[in-house]
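Residue-level structure breakdown
The primary structure of each chain is shown beneath.
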Amino acid sequence: MSRSPSSRRPGAQWRPGKALEPLARVLPQETAIGLSFDGRPHTVLMATPEQVEELALGFVVTEAIARAEDVLEIVAKEEEQGILVDVRLAPGALIKKARPRNLEGRSSCGLCGVQRLADAVRPLPVLGQGASIRHEAIPRALAALEEQQALGRLTRATHAAAFFDIEGSLLLVREDVGRHNALDKLAGAMARGGVDAAAGFVVVTSRCSFEMVEKAARMGCPILVAVSAPTELAIAKAEEANLTLVALARADGHAVFAGGERLVESELEPA
């Protein structure tokens, strides 16, 4: 396939007491891979767009759909929405019916129930201005979140998603083994409690794939902060939704990849 597995994107690096500095970072590509068996759509996987034939073959084996030697051919075709990969099996080779993905959701994937490329990367609503915050609110929020991850401290095996006001004060936090699940739990808690998502910002302790951006945008939250790096598609979708995307968030700084106008500069400390 001709798609590159990575790309370089500009951003801005913030550190306490310093002016914003230009940042250029190589980010992984995230592409919708539509997987079908003998022409019948089965699922969409979000993956880097290389070795997709190996991805499809490995899926066949690890999902116990058929034996590797029963795969006659794997054909990959680029489409506007992603890459279609069709696995053609020998007649009668199917060991068992592939698990219906519209009935299953896994902790690591937000697209397990999607079967067609057109449904994988949908247009997002365009957010209004919403909240603006100072850069210093982000490390303040990270410190508060660290103290409130009870399950994470106990197990070291969960993700957290939390909502903060513009000062970086923690309002709600939810944990789960799956990063998507944690954010969905937070969205549900906010909806149930009538919390205005436009009045603050969300922090997630995971990497920032495009689904996390999509969920934040559909919540109506204008600012998403992630502890790990974003993908190229996450940045593109944030720009599409007019969402502020901050990633690589640490106590000593963070990187801004989209929507930096919502982040307010404080006066610099004297040299």
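Note that the structure is a prediction, hence the values are computed from the model and not measured.

When helices and strands are tallied, the protein shows six helices and 14 strands. Out of the 271 residues belonging to the protein, those deemed buried represent 47%. Pairs at least 24 apart in sequence give 55% of the contacts found in the protein among residues at least 6 apart. Here the protein displays about 12900 Å² of accessible surface, and carbon together with sulfur accounts for 51% of that area.

We now examine the confidence of the model for the protein. Residues with a pLDDT of 70 or more make up 87% of the protein, whose mean pLDDT is 86. Long-range and interchain partners of residues 100-108, a stretch whose pLDDT sits below 50, account for 23 contacts in this model, where long-range means more than four residues apart.

So, about the environment of glycine 58. Assignment of secondary structure puts glycine 58 in helix 1 (residues 52-62). Through-space distance from the C-alpha of glycine 58 to that of alanine 68 is 8.3 Å; in sequence the pair is ten residues apart.

The tally for this structure, following the rule as stated, stands at twelve salt bridges. Note that aspartate 86 and arginine 88 form a salt bridge whose closest N and O atoms lie 3.1 Å from each other. Taking the relative accessible area as the measure of exposure, arginine 88 reaches 34% and is therefore partly exposed. Several salt bridges converge on common partners, so that one network encompasses Arg9, Glu232 and Glu239.

Here we come to the nonpolar core. Core analysis: the biggest nonpolar cluster contains 34 residues, and Val202, Leu224, Leu243 and Leu245 have the highest contact counts within it. Those elements that provide at least two residues to this core are strand 8 (159-165), helix 4 (179-193), strand 10 (200-204), helix 5 (210-219), strand 11 (223-226), helix 6 (232-241), strand 12 (244-250) and strand 13 (253-258). Contact partners of leucine 243, with chain neighbours within four places excluded, come to Leu127, Val213, Ala216, Ala217, Cys221, Pro222, Leu224, Ala238, Ala258, Gly259 and Arg262. Ala137, Ala141, Val203 and Val225 belong to the second largest nonpolar core, which has 19 residues in total.

With five of five residues buried, strand 10 lies mostly within the body of the structure. Pairing analysis gives five bridges linking strand 8 to strand 10, with the strands arranged antiparallel. What sits directly across from alanine 162, in strand 10, is valine 203. With three bridges joining them, strand 10 and strand 11 adopt parallel strand pairing. Counted as the bridge partner of valine 202 is leucine 224 from strand 11. Crossover connection from strand 10 via helix 5 to parallel strand 11: handedness right-handed.

By the secondary structure assignment, arginine 218 is in helix 5. According to the relative accessible area criterion, arginine 218 is partly exposed, its value standing at 42%. Taking the C-alpha atoms as reference, arginine 218 lies 9.4 Å from alanine 187; in sequence the two are 31 residues apart. Among all residues touching arginine 218, those that are not within four sequence positions of it are Arg122, Pro123, Leu124 and Pro125.

Counting buried residues along helix 5, eight of its ten residues qualify, which places the element largely inside the surrounding structure. What helix 5 keeps buried is the set Phe210, Glu211, Met212, Val213, Glu214, Ala216, Ala217 and Met219. Among the structural elements, strand 4 (40-47), helix 4, strand 10, strand 11, helix 6 and strand 12 are those in contact with the buried residues of helix 5. In the stretch just after helix 5, glycine 220 is the one whose phi turns positive, near 90°.

Calculation notes
- Residues numbered from 1 in each chain as written.
- Predicted model: local features only at pLDDT ≥ 70, side-chain atom pairs only at ≥ 80, totals over all residues.
- Heavy atoms only, no water.
- Helix = DSSP H or I, 4+ residues; strand = E, 2+ residues; numbered from the N terminus.
- Buried < 20%, exposed > 50% of the residue type's maximum accessible area, 1.4 Å probe, protein only.
- Contact = heavy atoms within 4.5 Å.
- Areas by Shrake-Rupley, 256 points an atom, 1.4 Å probe, with all protein chains shown as cover.
- pLDDT = per-residue confidence, 0-100.
- Salt bridge = Lys/Arg side-chain N within 4 Å of Asp/Glu carboxyl O.
- Core = buried A, V, L, I, M, F, W, Y, C linked by side-chain atoms within 4.5 Å.
- Pairing = 2+ DSSP bridges.
- Right-handed = clockwise from strand over helix to strand, strands pointing away.

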